[in-house]
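Geometric and topological summary
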Amino acid sequence: MVFSTLLFLFRFLPIALGLYYLAPYKLKNTVLFLVSLVFYSWGEVKYFPIMLVLILINYFSGLTMERFDHSPALRKLFLVISIIGSLSMLLFFKYSNFVISNLNHFLGTGFELIGVAVLPLGISFYTFQTMSYSIDVYRRDVATEHNIIDFGAYVVMFPQLIAGPIVKYRDVSNQLHVYKGRLKLAQIEEGITLFIFGLAKKVLLADTISHLWTDIIGIYSGTVQTSAGVGLANASTPLAWLGVIAYSLQLYFDFSGYSLMGIGMGKMLGFDFPQNFNFPYISRSITDFWRRWHMTLSSWFREYVYIPLGGNRKGKSRQMFNLFVVWLLTGIWHGANWNFILWGLYYFVLLSLEKLFLLPYLERSKVLCHVYTLFLVVTGWAMFVSSEAGVGLGLLFQKLFIPQGGVGVLYFLRNYGVILAVSVFCCTPLVEKLWNRLKSITWLKMLTLSLLFFLSVAYIVGSSNSPFLYFNF
Amino acid sequence: MKKLLRYPVLILFFGILALFTVVDLLYPDREYSELENTTLQQRPAFNLSRLVNNQWTADYGDYVKEQFMFRDTWIDLQSRSESLLLQKVEIGGQIEGQANGQEALYTKQFNLKESEVSQLEKNIQYVCQFLEKYPNAAFMLAPSASLIYADQLPADTPMLDEEGYLDEIFARTGEAGQVLDLRQEFTANREEYLYYRTDHHWTTQGACLAYEVYCKQLGLTPSLPSSAAVYVEGFYGTGYSASRLWNAQEDVIAYYPLDNAMTVYDTMGENSFKERFTAGMYDTSKLETRDKYALFLYGNNALSRIQGNGEGKILVIKDSYANCFVPFLTANFDQIDVMDLRSYSYSLDALIQENQYDQILILYNFQSFKADGFLSALARPSTLQ
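Scoring rules and cut-offs
Residues numbered from 1 in each chain as written. Chains lettered and ligands numbered in written order. Predicted model: local features only at pLDDT ≥ 70, side-chain atom pairs only at ≥ 80, totals over all residues. Heavy atoms only, no water. Helix = DSSP H or I, 4+ residues; strand = E, 2+ residues; numbered from the N terminus. Contact = heavy atoms within 4.5 Å. Areas by Shrake-Rupley, 256 points an atom, 1.4 Å probe, with all protein chains shown as cover. Lys, Arg positive; Asp, Glu negative; His and termini not counted. Charge placed at Lys NZ, Arg CZ, Asp CG, Glu CD. Phe/Tyr/Trp six-rings, centres within 6.5 Å; stacked < 30°, edge-to-face > 60°. Lys NZ or Arg CZ within 6 Å of the ring centre and 35° of its normal. Buried area = accessible area lost by both parts, 1.4 Å probe. Salt bridge = Lys/Arg side-chain N within 4 Å of Asp/Glu carboxyl O. Polar contact = N/O pair within 3.5 Å; in protein donor to acceptor, adjacent residues only side chain to side chain. Nonpolar A, V, L, I, M, F, W, Y, C, P; charged D, E, K, R; others polar. Domains from an automatic or database assignment. Pairing = 2+ DSSP bridges. Axes fitted to C-alpha atoms, helices over the stretch in contact; angles between N-to-C directions. Expected span 1.5 Å × (residues − 1). Bend = angle between axes of the 7 residues up to and from the residue. Buried < 20%, exposed > 50% of the residue type's maximum accessible area, 1.4 Å probe, protein only.

**A few points about the overall build of chain A**
Of the regular secondary structure elements, chain A holds 19 helices and 2 strands. Principal-axis analysis of the C-alpha atoms gives chain A an extent of 70 × 60 × 50 Å. Long-range pairs, those at least 24 residues apart, make up 75% of the contacts in chain A with a sequence separation of at least 6. Accessible surface, chain A as shown: approximately 18800 Å² in total, 69% of it carbon and sulfur. Once the 35 positive and 21 negative side-chain charges of chain A are each reduced to a mean point, those two points are 5 Å apart.

Shown next, in the form of structure tokens:
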């Protein structure tokens, strides 16, 4: 189920919240667990058992690690079992076909692809969450969860299931065990505000600006073109840049909007999830960018890969190697395709350069650092989008970097000018300043939120809803 | 309670959420959306196998989406936001331009789809084969409004090169037989009301111009109906339905009240038809509905036979552009057979042989010709002995 649908807003959400609020406090986690399972299974009923198996593996691994507290070998064994359990699911569903088709291509073998039409909802996110639990238990950073319902509620909790933020078990374990007085009105109200902002970001900004990009490359359902754009091959260099910029805006609002809806609903349920985006497009360096973009993923990799590998404590060359591993994995995490690996390594190179010598220069500049960062980030998104139908890495980069004529930007600036300007404004902290001013006046606050909500509903009804971009992650 | 009042956003949001959900649940379901010209998803019956196949959940999602309370009003609100807040010139695939000083909507087509590239190539070949086989056949392909009024679109709108495609189509089909290229005549008369402003069809006036071109080229005498045309106001066509543009200019639909009899047939098999009904050429009850263009020839039926006032027989193989064109032919022919291949997927050979038509006219407009998958019937061999 997708948040930005009428089904979610006016069926699932009121029923789920109603049951959760009305349930006696001891049953709240049970209700949360059950409604989340419905949410998870809605799109693909057959994947229901997969979730149960994943919960069971990690739950029992946690218990056994506690039971064999005195035996380091057994503890390690059950940690490995639980990680294999989580990781193998992710690898099987997400990467099998990529590996098979590459084997077939490079070795001339004839393996058949596995028949996975859609990935289990949110598999890239919840497998990372279960791993964080097992590793933390192993490290004794967190107490073992004894109640399987509470643990299940954590793993499959619907607000963060699809698109994060990646919530570590220890982030919410305290709240999960506060049964009485979990809900606070102020927190719920804040959650509502964030939810409406997230919805508006996704529906009003991301989905609207996305049409600029599809006007160029067309719309595809799988590999079948359902609507023709001008065609990337016909675009001029300025239009190619405008398209990639629009895509960069769309991706940001899409993903951060989703995260924000998740964080907002988390608060409505009485949980504080970690922040996931912090105005990434105002970064002053690539290092800064990755502290502001998808923060929970970066912190996951830092905590469970980079630091265990030694971080920066074992010399420069080892640090470079560690960075390489992290960014290779980050690339692969984003999708089973070569362009994502390339995209990850691109950031490895940039971050290494910054760490080695570039950062001090960037910190001294005022404007140039923003130009530098935005240029490299947008170029990165061009790599990122290049495996989509109708694009192609070679063609896109040739369009971007070899100046050429073709279909120009005038019509697109005319048609998308206002939404582009609004989007750029919303990428800066100015929008936060504006809100801080508005919200001090109660009626203005309520008017703004109502307007955003009503408009979002109108856009959801009006457009045959566009599929969420970060789905197959 | 007093504590709750300190959180007005909370009260408001949960109030709206509950209100919308309850009203939506009670809101009556519709079979059909007249504005969108489509049937709507009904409440799906639950059964276990459909649930396991994800069919029930998908249908239920569609059901909630399509039956949402005040659906039309929400769509209008979105359209207004697109045009008034975001100042867009393209809404719902319709581009806002001008025609003769008034707002007009043009179908957005930036390029051919991949499937259309191959379909167009096939369709050209089917028409060529047909023209070679039947020397008394002619091929008329109407240009889109966006070509005739290209300069009336927003600056630099990257529309596809219809001019180039038409050049190629006419060059190739012209080698195979007789073709009718309307571009010159339409461009010369573009001050006239040739196309609807809110619909993708040409007007009766546009069809009349095409009829004159047809007569001139075939050596017939064009003769307009002696009765005065009837004008019906308040027509908002498919372009309006797609865009819901708040300030769309209504169209005026015109027809000549001729009393020629028309018999509509159902297809039973190749060259096998069963009469459904006989009436006039106009279904005036459609004037009360939104889709007023369905007035002409009772919409798109497989075979219709019209009693004319002239001499000889003609077969018109067509898309919906021909619906308002065909009435003009009653002046020149005694029998007008109208065939819509979307409802007849057999060979035409036996029909043509049996009726010994004097003329055959293939009439399409570019936008349907590039995508129509039914023209293969033109080249289909007969299965009858």
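**Examining the overall build of chain B**
Across its full length, chain B carries 13 helices and 15 strands. Projected onto its principal axes, the C-alpha positions of chain B cover 90 × 55 × 45 Å. Split by element, the accessible area of chain B, about 16700 Å² in all, is 50% carbon and sulfur. For chain B, the distance from the average position of its 31 positive side-chain charges to the average position of its 51 negative side-chain charges is 10 Å.

**A look at the packing of aromatic side chains**
Residue and element names in this part refer to chain A. Within this structure, the stated rule accounts for 101 aromatic pairs over all chains. Ring centres of Tyr-281 and Phe-289 lie 6.4 Å apart, and the angle between their planes is 5°; this geometry places the pair in the stacked category. Stacked on the ring of Phe-68, the Lys or Arg Arg-67 has its end atom at 5.6 Å from the ring centre. The positively charged end of Lys-94 is found above the aromatic ring belonging to Trp-333, 5.1 Å away from the centroid.

**Things to note about the interface of chain A and chain B**
The interface of chain A with chain B comprises 59 residues on the first partner and 50 residues on the second. A buried area of about 5000 Å², summed over both sides, lies between chain A and chain B, and 70% of it is on carbon and sulfur atoms. By the criterion of area lost to chain B, the three top residues of chain A are Arg11(A), Leu185(A) and Tyr411(A), representing 14% of everything that side buries. Put simply, chain A and chain B have 2 salt bridges between them. Here Arg11(A) makes a salt bridge to Asp24(B), at a shortest N to O gap of 3.0 Å. Where chain A touches chain B, the interface holds 18 residue pairs in polar contact (both at pLDDT 80 or more). Breaking the side of chain A that touches chain B down by element, the ones donating at least two residues are helix H1 (6-22), helix H9 (185-217), strand E2 (224-227), helix H17 (410-426) and helix H19 (442-462) of chain A. Across the side of chain A that touches chain B, the residue classes break down as 36 nonpolar, 16 polar and 7 charged.

**Observations regarding the domain arrangement of chain B**
Residues and elements named next belong to chain B. Segmenting chain B into domains produces domain 1 (22-69) and domain 2 (94-379). Once you take the C-alpha centre of each, domain 1 and domain 2 turn out to be 35 Å apart. Facing 4 residues of domain 1, the contacting portion of domain 2 comprises 6 residues. Each partner contributes to the roughly 430 Å² buried at the junction of domain 1 and domain 2, and carbon and sulfur atoms together form 49% of this total.

**Here we look at the sheet that holds strand E14 (residues 335-339) of chain B**
Residues and elements named next belong to chain B. Here 8 strands make up an open sheet; going across it, the order is E7-E6-E15-E13-E14-E12-E10-E11 and the pairing mixed. Here the strands that pair on one side only, and so sit at the sheet edges, are strand E7 (178-181) and strand E11 (272-279). For this sheet, the mean inter-axis angle between neighbouring strands, taken without regard to orientation, is 20°. The sheet contact formed by strand E10 (residues 262-269) and strand E12 (residues 303-307) spans 4 bridges and is antiparallel. Across the sheet, the residue bridging to Val-264 is Ser-304, located in E12.

**As for the pattern of salt bridges**
For the structure shown, the criterion picks out 34 salt bridges over all chains. Through salt bridges with shared partners, a single ionic network connects Asp136(A), Arg139(A), Lys168(A), Arg170(A) and Glu303(A).

**Description of H1(A)**
Residue and element names in this part refer to chain A. The first and last C-alpha atoms of H1 sit 23 Å apart over 17 residues, in line with the 24 Å expected at 1.5 Å per residue. Of all the bends found along H1, the most pronounced is centred on Phe-12 and spans about 35°, while Pro-14, a proline, follows it within four residues. Within H1, 12 of the 17 residues are buried, which leaves it mostly tucked inside the rest of the structure.

**Some words on the sheet that holds strand E3 (residues 90-91) of chain B**
Across the sheet, which stays open at both edges, the 3 strands sit in the order E3-E4-E5 (chain B) with antiparallel pairing between neighbours. Looking along the sheet, the strands with just one partner apiece sit at the ends: E3 and strand E5 (102-107) of chain B.

**Examining the environment of Gly264(A)**
Residues and elements named next belong to chain A. Structurally, Gly-264 is set in helix H10 (residues 237-268). By relative accessible area, which is 0% here, Gly-264 ends up buried. Expressed as a C-alpha distance, the spacing of Gly-264 and Leu-194, which sit 70 residues apart in the sequence, is 4.8 Å. Once residues within four sequence positions are removed from consideration, Gly-264 is found in contact with Gly-191, Leu-194 and Phe-195.

**Some words on helix H7 (residues 162-176) of chain B**
Over its 15 residues, H7(B) runs 21 Å from end to end, which matches the ideal 21 Å to within 8%, given 1.5 Å per residue. On its buried side, H7(B) packs onto helix H5 (114-133), strand E6 (137-142), helix H6 (145-148), E7, helix H8 (183-188) and helix H13 (366-369) of chain B.

**With respect to the domain arrangement of chain A**
Residues and elements named next belong to chain A. Domain annotation of chain A identifies domain 1 (6-181) and domain 2 (188-472). In this assembly, 39 residues from domain 1 lie in contact with 41 residues from domain 2. Taking both sides of the interface into account, the surface hidden between domain 1 and domain 2 amounts to around 3500 Å²; carbon and sulfur atoms contribute 74%. Of all residues in domain 1, Phe-98, Phe-128 and Pro-165 bury the most surface against domain 2, accounting for 16% of the area lost on that side. At the junction of domain 1 with domain 2, the criterion picks out 3 salt bridges. Salt-bridge contacts for Glu-303 lead to Arg-139; the nearest nitrogen and oxygen are separated by 3.8 Å. In this assembly, domain 1 and domain 2 are joined by 13 residue pairs in polar contact (both at pLDDT 80 or more). Secondary structure elements with two or more residues in the side of domain 1 that touches domain 2: H1, helix H4 (72-107), helix H5 (123-138), helix H7 (158-161) and helix H8 (169-176). Broken down by element, the residue count for the side of domain 1 that touches domain 2 peaks at 8 residues, all from H1. Class assignment of the residues belonging to the side of domain 1 that touches domain 2 gives a composition of 27 nonpolar, 6 polar and 6 charged.

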